[in-house]
Amino acid sequence: MTGAIDILLKVRGHQRVPSDTKEFHEATKRDALLRLRKDLDNLLQTADDAKKPILQKEMCGFEALFHRFLQEDGPSVEWDRIQKLPQDAVKDYSSLKTPQESEIRQMLDKLVVIKLNGGLGTSMGCHGPKSVIPVRNDLTFLDLTVQQIEHLNKTYGANVPLVLMNSFNTDDDTEKVIRKYKGFQVQIYTFNQSCYPRISRDSLLPVAKDFNIENDIEAWYPPGHGDFYQSFQNSGLLKKFLDEGREYCFLSNIDNLGATVDINILNRLLGDDRQGDKPIEFVMEVTDKTRADVKGGTLIHYENKLRLLEIAQVPKEHVDDFKSVKTFKFFNTNNIWARLESIDRVLNARTMNMEIIVNNKTLDNGMRVIQLETAVGAAMKCFDGGIGINVPRSRFLPVKKTSDLLLVMSNLYSLKYGSLVMSPQRMFPTTPLVKLGDNHFSKVKEFLGRFANIPDLIELDHLTVSGDVTFGRGVSLRGTVIIIANHGDRIDIPAGAILENKIVSGNMRILDH
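About the thresholds
- Residues numbered from 1 in each chain as written.
- Predicted model: local features only at pLDDT ≥ 70, side-chain atom pairs only at ≥ 80, totals over all residues.
- Heavy atoms only, no water.
- Helix = DSSP H or I, 4+ residues; strand = E, 2+ residues; numbered from the N terminus.
- Buried < 20%, exposed > 50% of the residue type's maximum accessible area, 1.4 Å probe, protein only.
- Polar contact = N/O pair within 3.5 Å; in protein donor to acceptor, adjacent residues only side chain to side chain.
- Contact = heavy atoms within 4.5 Å.
- Axes fitted to C-alpha atoms, helices over the stretch in contact; angles between N-to-C directions.
- Parallel < 35°, antiparallel > 145°, perpendicular 65-115°, else oblique.
- Nonpolar A, V, L, I, M, F, W, Y, C, P; charged D, E, K, R; others polar.
- Pairing = 2+ DSSP bridges.
- Core = buried A, V, L, I, M, F, W, Y, C linked by side-chain atoms within 4.5 Å.
- pLDDT = per-residue confidence, 0-100.
- Salt bridge = Lys/Arg side-chain N within 4 Å of Asp/Glu carboxyl O.

### Notes on the side chain of Thr 170
Turning to step 1, where the next piece is worked out: Turning to its location among the elements, Thr 170 is positioned in the loop between strand 6 (162-166) and helix 6 (171-177).
Turning to step 2, where the next piece is worked out: Relative accessible area serves as the criterion here: at 0%, Thr 170 is assigned to the buried category.
Turning to step 3, where the next piece is worked out: Among the polar contacts made by the side chain of Thr 170, one reaches the main-chain carbonyl oxygen of Asn 117 at a distance of 2.9 Å.
Turning to step 4, where the next piece is worked out: Excluding its chain neighbours within four sequence positions, the residues that come into contact with Thr 170 are Asn 117, Gly 118, Gly 119, Leu 120 and Pro 129.

### Section: the environment of Gln 371
Turning to step 1, where the next piece is worked out: Within the element layout of this structure, Gln 371 appears in strand 17 (residues 368-373).
Turning to step 2, where the next piece is worked out: For the pair Gln 371 and Val 163, spaced 208 residues apart in the sequence, the C-alpha separation amounts to 26 Å.
Turning to step 3, where the next piece is worked out: Beyond its immediate sequence surroundings of up to four residues, Gln 371 is in contact with Arg 198, Tyr 221, Ile 357, Val 358, Asn 359 and Lys 361.
Turning to step 4, where the next piece is worked out: At 2.6 Å, the side chain of Gln 371 and the side chain of Glu 373 are in polar contact.

### Comments concerning the packing of helix 4 (residues 101-108) against helix 9 (residues 263-270)
When two helices pack together, their arrangement is given by the angle between the helix axes and by the axis-to-axis distance.
Turning to step 1, where the next piece is worked out: For the pair helix 4 and helix 9, interaxial distance at closest approach is 10 Å and the crossing angle is 75 degrees. The angle between the axes of helix 4 and helix 9 places the two elements in the roughly perpendicular class. Two secondary-structure elements touch here, helix 4 through Ile 104, Met 107 and Leu 108 and helix 9 through Ile 263, Leu 266, Asn 267 and Leu 270.
Turning to step 2, where the next piece is worked out: Across the contact of helix 4 with helix 9, the residue classes tally to six nonpolar, one polar and no charged.

### Side note on the sheet that holds strand 2 (residues 90-92)
Turning to step 1, where the next piece is worked out: With respect to topology, eight strands assemble into an open sheet ordered 2-18-12-15-11-3-6-7, the strand pairing being mixed. What marks the edges here is a single partner per strand, and that holds for strand 2 and strand 7 (188-192). Sheet twist, expressed as the mean angle between neighbouring strand axes with direction ignored, is 25 degrees.
Turning to step 2, where the next piece is worked out: Pairing analysis gives five bridges linking strand 6 to strand 7, with the strands arranged parallel. Looking at the pairing, Val 163 lines up with Tyr 189 of strand 7.

### Some details on helix 12 (residues 402-409)
For an α-helix, the turn length of 3.6 residues means that residues three or four places apart are oriented alike.
Turning to step 1, where the next piece is worked out: Taken across its eight residues, helix 12 has six buried, putting it largely inside the fold.
Turning to step 2, where the next piece is worked out: Taken as a whole, helix 12 has its buried residues at Thr 402, Ser 403, Leu 405, Leu 406, Leu 407 and Val 408.

### Things to note about the sheet that holds strand 9 (residues 199-200)
Turning to step 1, where the next piece is worked out: Judged by pairing direction, the sheet is antiparallel, and its three strands sit side by side in the order 9-17-16 without closing on themselves. This sheet does not close on itself; its edge strands, each paired only once, are strand 9 and strand 16 (357-362).
Turning to step 2, where the next piece is worked out: As paired strands, strand 9 and strand 17 are joined by two bridges and run antiparallel to one another. By the bridge assignment for strand 17, Ile 199 is matched with Ile 370.

### Some remarks on the side chain of Arg 268
Turning to step 1, where the next piece is worked out: Note that Arg 268 resides in helix 9.
Turning to step 2, where the next piece is worked out: Discounting residues that sit within four places of it in the chain, Arg 268 has contacts with Lys 91, Leu 96, Asp 273, Arg 274, Gln 275 and Ile 280.

### Some words on unusual backbone geometry
Turning to step 1, where the next piece is worked out: Backbone geometry places Asn 137, a non-glycine residue, at a positive phi of 50 degrees.
Turning to step 2, where the next piece is worked out: With respect to the secondary-structure elements, Asn 137 resides in the loop between strand 4 (134-136) and strand 5 (139-140).
Turning to step 3, where the next piece is worked out: Residue classification places Asn 137 among the exposed residues on the basis of a relative accessible area of 59%.
Turning to step 4, where the next piece is worked out: One non-glycine residue with positive phi stands out, namely Asn 501, at about 50 degrees.

### Topic: the nonpolar core
Turning to step 1, where the next piece is worked out: Ranked by internal contacts, the top residues of the largest apolar core, which has 73 residues, are Leu 108 and Phe 471.
Turning to step 2, where the next piece is worked out: It is helix 5 (residues 141-156) that provides the largest number of residues to this core, a total of six residues.
Turning to step 3, where the next piece is worked out: Those residues in contact with Phe 471, other than ones at most four positions away along the chain, are Phe 441, Arg 450, Phe 451, Ala 452, Pro 455, Val 465, Leu 477, Ile 483 and Ile 493.
Turning to step 4, where the next piece is worked out: Judged by nonpolar contacts, the second largest core, of 38 residues, contains Tyr 189, Leu 237, Phe 282 and Leu 340.

### Regarding the confidence of the model for the chain
Turning to step 1, where the next piece is worked out: Mean pLDDT for the chain: 89, with 93% of residues reaching 70 or above.
Turning to step 2, where the next piece is worked out: In the predicted structure, residues 9-18 sits below a pLDDT of 50 and forms 18 contacts with residues beyond four places in sequence or in another chain.

### A few points about the pattern of salt bridges
Turning to step 1, where the next piece is worked out: Counted by the stated rule, this structure contains 25 salt bridges.
Turning to step 2, where the next piece is worked out: With its nearest N and O atoms 3.6 Å apart, the salt bridge here joins Lys 110 to Glu 247. Pair noted here: Lys 110 is in the loop between helix 4 and strand 3 (111-117) and Glu 247 is in the loop between helix 8 (237-243) and strand 11 (248-253), with a separation of 137 residues, a long-range link.
Turning to step 3, where the next piece is worked out: Glu 244 is paired through a salt bridge with Arg 246; the nearest N and O atoms lie 3.0 Å apart.
Turning to step 4, where the next piece is worked out: Sharing partners across several salt bridges, the network here consists of Glu 78, Arg 81, Glu 303, Arg 307, Glu 355 and Lys 381.

Quick look at the structure:
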């Protein structure tokens, strides 16, 4: 059945197919589903008896995802049917009201904070979960998150729990790390997202031979953060929090240092800023798109509902339209507020229908595989009464690369109870654009070794560094600074240097004598 995936991907393309070809494709799909089902049953036979009930639930989820993948003919969005965003679809953050101090505790006790903690630090050259990388004053992403929530609980006498969604990649390490927070005023819960089998691009069958995941880790993958809803319900935590009378969860990536609990947004959901009889079931925080964010997902109105549009769903001929800051003003921060009761309802009704992201990979042995994923924000269209809130840029501060790390470690920010606050000395609220060359700066250890200490960035607009460059102590970078060391050259920026609107290139070495 070589090339099965190519046939199916063509079916998902734009062209119409003759009816006899269509029948052939239908038969191919039926056959693919039956063969997959048989393979999954065989895989389950190899699992520990104690784990079988959980794994069976997960494999049912995978089978449903695979079935939808087979059924999807053509693009998930027809470009011409995208409607203009209604006037009130995206609320401006400045229009939200601050609640009375006396109301805050009551609202916080109806909230659950969830952090997506499935990612590894490998892209930044670190071992283990990304959340244990030190980002500021030797504090990790996880330390800062725990500090933030403990501060909320202490300030208002509340009991907001922290929930971490781990993956099989991060679970063991995270469980060890969270022991150190035992004495803190934060209850921490964890659950694992699903572990799905990668499938061969040629046969559309799992490449795993048994359920011994550690022995063949390349054969398995965590299926994106869209898996949150089902895994949260499967874990029993959704029911637990509903039984406690909690109403909303606030969900975000653990590496977004701007994603703190916002009392004004909570007030719109639960307090005296509520509007209308119907509760808001889903909030997506969006922020103004800049040229740096053109690939980020955006909010659209489609079939009379708000939904997330990702660049992967956009037909090639409309990619430039999608990237236009004029056409689509906002992009998704992946800070999501969702009503717990509504998540339960949508899952039980089996109407959680998120677009599938087909991710092509090549394994170390050269085998071509695909993994089927979904995105958490794509569930927006499955809920009633969803809104966008256009939040300040400060609520989107992700650390994906060492260039982001440079900003959050610098004097642009100060740390207050685990939250980063931009320095009042910064004249404008936007963060500088920083590009550091991959060859010399992409790994955290290497990056740190190139700075005697982090430069003063208060007046920086744009920094590009490429090649073998080091920075002495007390360097100040202002305006636009471009430093290029050509291959074989090295540039040492001397201690105390002030570079303002400068291009530095060539070779400049400072040697001890």
